Amino acid sequence: MLEVLRYARHGDATDLEIDGYLNYHFMTAAPGHDWPKMMLERGINPSAMVAGPDSPRRPVIAIRSSPWKAGQTSNPWHDEFDLDHGHVRYFGDHKPSTVGPPGATAGNKALLDAWQFHAGSTAAERALAPPLLLFRSATVHRDGRRLVKGHIEFCGVAIIERLEHVVQRDPDSPRSFPNLQLDLAVVQLAPTGDTLDMRWIDDRRDPELDVVTSARHAPAAWQRWVSGGRSAIPRVRRRVMSSRVQAPADQLPEPGTTDAATLDRLHRFFDGRKHAFELLASRVAAQVLGGSGAVYQEGWLTRAGGDGGMDFVGRLDVGTPTSNTPLVVLGQAKCVAPSTSISPDQVARVVARLRRGWIGVFVTTGTSPDRHKSK
């Protein structure tokens, strides 16, 4: 998520990258299929309906928000993106000049049609709900010039949590006009490193696949919502504890200090000695967690080369000796250069293995991901 993509109107899907950015049309192309390209020429971009062997469905609706246009005649509404808390407030595409009710435009009509499935009372109804892929226009700089067109930022997959009919005011006249206001719940993609498997969208576009089969590559959070409905939204909503994540520069010791020299020596000593560093990481976790007032019990190191992404296991006993709660601690260790940042997907893999009541620990000689790049 929050990956900036290059979007070109000509829709050439040949190259992986354009001008140093991932090519949107390459990323959304369906290999082996001659289907229409998923364009983003409007704010609301519904894909064509698919008959399907069991029930007709709309595969996907792509939403594009242009914050830099907000308040202008072409875009008199202000969309709100709070991705840290998995919430987006999005306004439909009815404009002051539009004649008719809020569903008169193609975009709003598609959202109204989708709402009946997003608000469905059964799993069968929700399985037909088209996922909303969220994008917003991004500003980039090239050769000292500020570019506001041709670049978009992927903001995740969303469920329509609430849809209301509202009245908005035209910024250029005293007139008012009706529109749709949607509260969208952005689903959690952390188990897959905040990435979306586009095979899910390809399957939903395939007229030969039924609704159940077309969900085989859907995000786990989406599948939990389809199964549980509205009550599952708080559990599948994306949440990021960004306020407690320091910038990489703030995580490193001051250059030239004893701490900086010690960190450099640790890296040079343990570089290439993975299992030895895992033992050190386990001892570091024991010292830090044990100093919290709870009792930390060291467990074991996982087998070298076959750890499945986990390097050590421990237990944290919280409470008194006669009444305590044991918490499983899963640890990951990475010995990298101090100037290297651990990628968000590495942290996400640790989080994905945690169960309710477990604690994850990541010990590294590098830095944790920048909060602006790990969402």
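Predicted model only: the values in this text are computed from it and were never measured.

**A closer look at the pattern of salt bridges**
Counted under the stated rule, the structure contains 16 salt bridges. Salt-bridge contacts for R9 lead to E41; the nearest nitrogen and oxygen are separated by 3.1 Å. Here R9 is found in the loop between β1 (4-6) and β2 (17-18), whereas its partner E41 is found in the loop between α1 (24-28) and β4 (44-46), with 32 residues between them in sequence. R9 gets classed as exposed once you look at its relative accessible area, which sits at 67%. Given the relative accessible area of 38%, E41 is considered partly exposed. The closest approach of N and O atoms between D311 and K274, which form a salt bridge, is 3.3 Å. With D311 in the loop between β13 (295-301) and β14 (312-320) and K274 in helix α9 (residues 274-290), the pair connects residues that are 37 residues apart, well separated along the chain. According to the relative accessible area criterion, D311 is buried, its value standing at 1%. Among the residues examined, K274 registers a relative accessible area of 44% and is labelled partly exposed.

**What to know about the side chain of T365**
By the element assignment, T365 lies in the segment after β16 (359-364). Overall, the relative accessible area of 4% leaves T365 in the buried class. Of note is the side chain of T365, whose polar atom sits 2.5 Å from the backbone oxygen of V336. Not counting residues up to four positions away in its chain, the partners in contact with T365 are L263, H267, F277, K334, C335, V336, A337 and P338.

**A look at the sheet that holds β13**
One open sheet accounts for four strands, arranged β13-β14-β15-β16; its pairing is mixed. Pairing within the sheet leaves two strands with one partner each, and these edge strands are β13 and β16. Strand-to-strand twist across the sheet, computed as the mean angle between neighbouring axes with direction ignored, equals 25°. Relative to β14, β13 is paired through six bridges, and the arrangement is antiparallel. Bridging across to β14, W300 finds its partner in V313. Each of β13, β14, β15 (323-334) and β16 touches α9; the most contacted strand, β13, lies at about 165° to it.

**Brief notes about a nonpolar patch on the surface**
Judged by side-chain polarity, L16, F26 and M27 come together as a nonpolar surface patch covering roughly 240 Å² of accessible area. Secondary-structure assignment places L16 in the loop between β1 and β2.

**Looking at the nonpolar core**
By size, the foremost hydrophobic cluster in this structure holds 28 residues, and its most contacted members are Y24, L133, F135, V157, W222 and W225. Secondary-structure elements contributing two or more residues to this core are β8 (132-137), β11 (151-169), α4 (199-205), α5 (220-228) and α6 (233-236). Non-local contacts of F135, meaning those with residues more than four positions away in its chain, are made with L5, Y24, L40, A62, I63, R64, S65, F81, I152, E153 and F154. Listed in part, the 21 residues of the second largest apolar core include I61, L83, V88 and L163.

**Overview of helix α8 (residues 258-270)**
Under the 1.5 Å per step criterion, the end-to-end length of α8 is 18 Å for 13 residues, consistent within 8% with the ideal 18 Å. If you check which residues of α8 are buried, you get L263, H267 and F270. Angularly, the buried residues of α8 cover 90° about the axis, an arc narrow enough to put them on a single face. Projecting away from the buried face of α8 at angles above 90 degrees are the exposed residues T258 and R268. Contacts from the buried residues of α8 go to α9.

**A look at the environment of S176**
Within the element layout of this structure, S176 appears in strand β12 (residues 176-186). Note: C-alpha distance between S176 and V350 (174 residues apart in sequence) is 50 Å. If sequence neighbours within four positions are ignored, S176 has contacts with V167, Q168 and R169.

**A closer look at the confidence of the model for the protein chain**
Residues with a pLDDT of 70 or more make up 91% of the protein chain, whose mean pLDDT is 87. A low-confidence stretch, residues 70-74 stays under pLDDT 50, and its non-local contacts, those more than four residues away or across chains, total eleven contacts.

**Details of α9**
Relative to the 24 Å expected for 17 residues at 1.5 Å per residue, α9 spans 24 Å between its end C-alpha atoms, a close match to the ideal helical length. Looking at the buried residues of α9, the elements they touch are α8, β13, β14, β15 and β16.

**Quick notes on unusual backbone geometry**
Although it is not a glycine, D19 adopts a positive phi angle of roughly 55°. Mapping D19 onto the fold places it in the loop between β2 and β3 (21-23). For D194, which is not glycine, the phi dihedral falls at a positive 60°. Locating D194 in the fold gives a position in the loop between β12 and α4. The class for D194 is buried, based on a relative accessible area of 9%.

Each value, and the rule that gives it
- Residues numbered from 1 in each chain as written.
- Predicted model: local features only at pLDDT ≥ 70, side-chain atom pairs only at ≥ 80, totals over all residues.
- Heavy atoms only, no water.
- Salt bridge = Lys/Arg side-chain N within 4 Å of Asp/Glu carboxyl O.
- Helix = DSSP H or I, 4+ residues; strand = E, 2+ residues; numbered from the N terminus.
- Buried < 20%, exposed > 50% of the residue type's maximum accessible area, 1.4 Å probe, protein only.
- Polar contact = N/O pair within 3.5 Å; in protein donor to acceptor, adjacent residues only side chain to side chain.
- Contact = heavy atoms within 4.5 Å.
- Pairing = 2+ DSSP bridges.
- Axes fitted to C-alpha atoms, helices over the stretch in contact; angles between N-to-C directions.
- Patch = residues over 30% accessible without salt bridge, like charges linked within 9 Å, V, L, I, M, F, W, Y side chains within 5 Å.
- Areas by Shrake-Rupley, 256 points an atom, 1.4 Å probe, with all protein chains shown as cover.
- Core = buried A, V, L, I, M, F, W, Y, C linked by side-chain atoms within 4.5 Å.
- Expected span 1.5 Å × (residues − 1).
- Arc of directions from axis to C-beta.
- pLDDT = per-residue confidence, 0-100.

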